[in-house]
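Each chain, written out:
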Amino acid sequence: MGLVPMADILEKANDEYYAVGGFNINNMEFLQGIIWAAEETNSPLILQASEGAIKYIGMDYVMNMVKAAVKDTHIPVALHLDHGSSYEVIMRCIREGFSSVMYDGSKYPFQQNIRLTKEVVKAAHSVGVTVEAELGKIGGTEDDVDVDEKDAKFTKPEEAEEFVEKTGVDALAIAIGTAHGVYKGDPELDFDRLEKINSSLNMPLVLHGASGVPDEDVRKAVSMGINKVNVNTAFQQAFTAKVKELFDKDPDLYDPRKYCGPARDAISEAVKEKIEILGSKNKA
Ligand code: G3H
Ligand code: ZN
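The structure displayed is predicted, hence computed values, not measured ones.

What should I look at first to understand the nonpolar core in this one?
If you look at soluble globular proteins, the nonpolar side chains tend to sit buried side by side. Ranked by size, the top nonpolar core spans 83 residues in total, and within it Phe-98, Leu-172 and Val-229 carry the most contacts. For this core, the leading source of residues is helix H11 (residues 256–278), giving nine residues. Leaving out residues up to four positions away in the same chain, Leu-172 has contacts with Ala-133, Glu-134, Leu-135, Ala-160, Phe-163, Val-164, Leu-201, Met-203, Pro-204, Leu-205 and Val-206. Of all hydrophobic cores here, the second largest spans 13 residues; its members include Leu-10, Ala-13, Tyr-18 and Ala-171.

Would you mind going over the packing of helix H6 (residues 110–125) against helix H7 (residues 157–167) with me for this structure?
To characterise two packed helices, one gives the angle between the axes of the helices and the distance between these axes. H7 packs onto H6 with a crossing angle of 35° between their chain directions and a minimal axis gap of 9 Å. The handedness of the crossing between H6 and H7 is right-handed. Residue-level inspection shows Phe-110, Gln-111, Asn-113, Ile-114, Thr-117, Lys-118 and Val-121 of H6 in contact with H7, the latter providing Glu-159, Glu-162, Phe-163, Lys-166 and Thr-167. Here the residues of the contact of H6 with H7 are counted per class, giving four nonpolar, four polar and four charged.

It is not clear to me how H7 should be interpreted in this structure. Could you clarify?
Along H7, the residues that are buried comprise Pro-157, Ala-160, Phe-163, Val-164 and Thr-167. Projected down its long axis, H7 shows its buried positions confined to an angular sector of 115°, all on one face. Exposed side chains of H7 directed beyond 90 degrees from the buried face belong to Glu-158 and Glu-165. The secondary structure elements touched by the buried residues of H7 are H6, strand S5 (130–135), strand S8 (171–174) and helix H8 (191–200).

Sorry if this is basic, but what is going on with helix H1 (residues 6–16) here?
The periodicity of an α-helix, 3.6 residues per turn, causes residues three or four positions apart to be oriented the same way. The complete set of buried residues in H1 reads Met-6, Ile-9, Leu-10, Ala-13 and Asn-14. Mapping the buried residues of H1 onto a view down its axis gives an arc of 130°, with all of them on the same face. Of the residues one or two after H1, Tyr-17 is the one with positive phi, at around 60°.

Would you mind showing me how to read unusual backbone geometry here?
Excluding glycine, residues mostly carry a negative phi; peptide bonds, for their part, are mostly trans. If you check the backbone angles, Tyr-17 has positive phi at about 60° while not being a glycine. Relative to the assigned elements, Tyr-17 resides in the loop between H1 and strand S1 (20–24). In this structure, His-83 takes a positive phi of about 55° despite not being glycine. Within the element layout of this structure, His-83 appears in strand S3 (residues 77–84).

How should the pattern of salt bridges be read in this particular structure?
Where side chains of opposite charge bring their charged atoms close, a pairing between them can arise. All chains considered together, the criterion is met by 14 salt bridges. Linking Glu-162 and Lys-166 is a salt bridge whose minimum nitrogen-to-oxygen distance equals 2.8 Å. Here Glu-162 pairs with Lys-166, and both are found in helix H7, just four residues apart, close to one helical turn. Note on Lys-166: relative accessible area 41%, which makes it partly exposed. With a shortest N-O distance of 3.0 Å, Arg-193 and Asp-190 are connected by a salt bridge. Residue classification places Arg-193 among the partly exposed positions, given a relative accessible area of 22%.

Is there a simple way to explain the packing of helix H2 (residues 28–40) against H11 in this structure?
Packing of H2 against H11 brings their axes to within 8 Å, and their N-to-C directions diverge by 40°. In terms of orientation, H2 and H11 fall into the oblique class. For the pair H2 and H11, the crossing hand works out as right-handed. Contacts between H2 and H11 involve Glu-29, Phe-30, Gln-32, Gly-33, Ile-34, Trp-36, Ala-37, Ala-38 and Glu-40 on the former and, on the latter, Cys-260, Arg-264, Ile-267, Ser-268, Val-271, Lys-272 and Ile-275. When its residues are assigned to classes, the contact of H2 with H11 shows nine nonpolar, three polar and four charged.

Whenever I open this one, the environment of Lys-67 confuses me. Can you help?
Relative to the assigned elements, Lys-67 resides in helix H4 (residues 59–70). For Lys-67 and Ala-175, which are 108 residues apart along the polypeptide, the C-alpha to C-alpha distance reads 33 Å.

Please explain the pairing of strand S4 (residues 100–103) as it appears in this structure.
Side-chain alternation along S4 places Ser-100 and Met-102 on one buried face and Val-101 and Tyr-103 on a second face that is also buried. Taken together, the three bridges between S3 and S4 define a ladder with parallel strand orientation. Paired with Gly-84 across the two strands is Tyr-103, which belongs to S4. With helix H5 (residues 87–96) bridging S3 and its parallel neighbour S4, the resulting β-α-β unit is right-handed. Where S4 meets S5, four bridges bridge the pair, whose relative direction is parallel. Residue pairing across strands places Val-101 opposite Val-131, the latter belonging to S5. The parallel pair S4 and S5 is bridged by H6, and the resulting crossover is right-handed.

What counts as what
Residues numbered from 1 in each chain as written. Chains lettered and ligands numbered in written order. Predicted model: local features only at pLDDT ≥ 70, side-chain atom pairs only at ≥ 80, totals over all residues. Heavy atoms only, no water. Core = buried A, V, L, I, M, F, W, Y, C linked by side-chain atoms within 4.5 Å. Buried < 20%, exposed > 50% of the residue type's maximum accessible area, 1.4 Å probe, protein only. Helix = DSSP H or I, 4+ residues; strand = E, 2+ residues; numbered from the N terminus. Contact = heavy atoms within 4.5 Å. Axes fitted to C-alpha atoms, helices over the stretch in contact; angles between N-to-C directions. Left-handed = near helix turned anticlockwise from the far one by under 90°. Nonpolar A, V, L, I, M, F, W, Y, C, P; charged D, E, K, R; others polar. Arc of directions from axis to C-beta. Salt bridge = Lys/Arg side-chain N within 4 Å of Asp/Glu carboxyl O. Parallel < 35°, antiparallel > 145°, perpendicular 65-115°, else oblique. Pairing = 2+ DSSP bridges. Right-handed = clockwise from strand over helix to strand, strands pointing away.

Limitation: the analysis is restricted to geometry and does not speak to function.
Right, here's the structure in full:
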C-alpha cells in the first residue's frame, strides 16, 4: 500500500475514540522497528520525520527508505513532517511526497500563527496533503525547538475554536502540560482544559511529548479526544538502553548489526506496547 493522507487515518480514530501513534524516525532501524510493530499489531501508523531527522538522514534516503517500508504493507501509513518551521520546508516535503505536514507557528503571536498556518493549509489541501498545526506552546526540547518549560503556554479553548475556524487545519496540537524530551518533574496534564477544547472542536487533537507521561494519563487523554500521540524520546531511550546493555555484557562488540539489530527489536517492543495503550491495535 502507498502512503495515505493523515486525515483519513485520524478521521477513523476520531469516530471510534482511539489514537494513532505519531512515531519519529531517526534512522533505518527506527523506521523498520516501528513499521514492523505496526504491521504485527495491524495498526494504522503515522511515521514522522522532524527537520533535524531529515537533515541527518537526507531527504532522498527518507523518501526511499519509507517507500521500501510501505511497499508490501497492508496497513495505512502516513508520512508526516513533524514541527515544520517554514512554508519553504513544508513545500519541499510536499513536493517530495509527504502525505501530511505539521506547520508549527506556535512561536508567533496568535494572529500571525493564524495567517501563516492558513497559507500552508491552502497550498497543502490543494494537493490532498493533511495539515497539523500547533496552538499554545509545548515545553521542552526537540531538535532546535527549545522552549523553557516555565514559559510554555497552555492552549486557550476559545482561541482554539477561532484558530481552527480561520485556518481550516485537519488536526490541532494542543499544549495541556506535556513537554518534549525527558521530564524534569512529573508531568501534570490539564484534563479540564482538554475537555473544554474537545467539546468545542469535534476534530482530531494531538498530544506531543508523550514520552514519560504515565500510561493511565495517556489512556485518559485518548478517551477525552486525543487522536494522535507523538512519541520519540521513549523509543530513543529503548534503543540506547539495549545498546548499552550489550556493550556492558561484551565491551569488545564491533559489528553494528550485533547491537543495532537487538536495539531495533527493542524499539519494536516499545512501539507495540504504545499501540496497545493508544487503542489502535487491529484498526488498520
Ligand atoms: O513531535 C514529536 C514529539 O512531540 C515527541 O516528543 O520526544 O517527548 O516523545 P517526545
Ligand atoms: Zn512535538
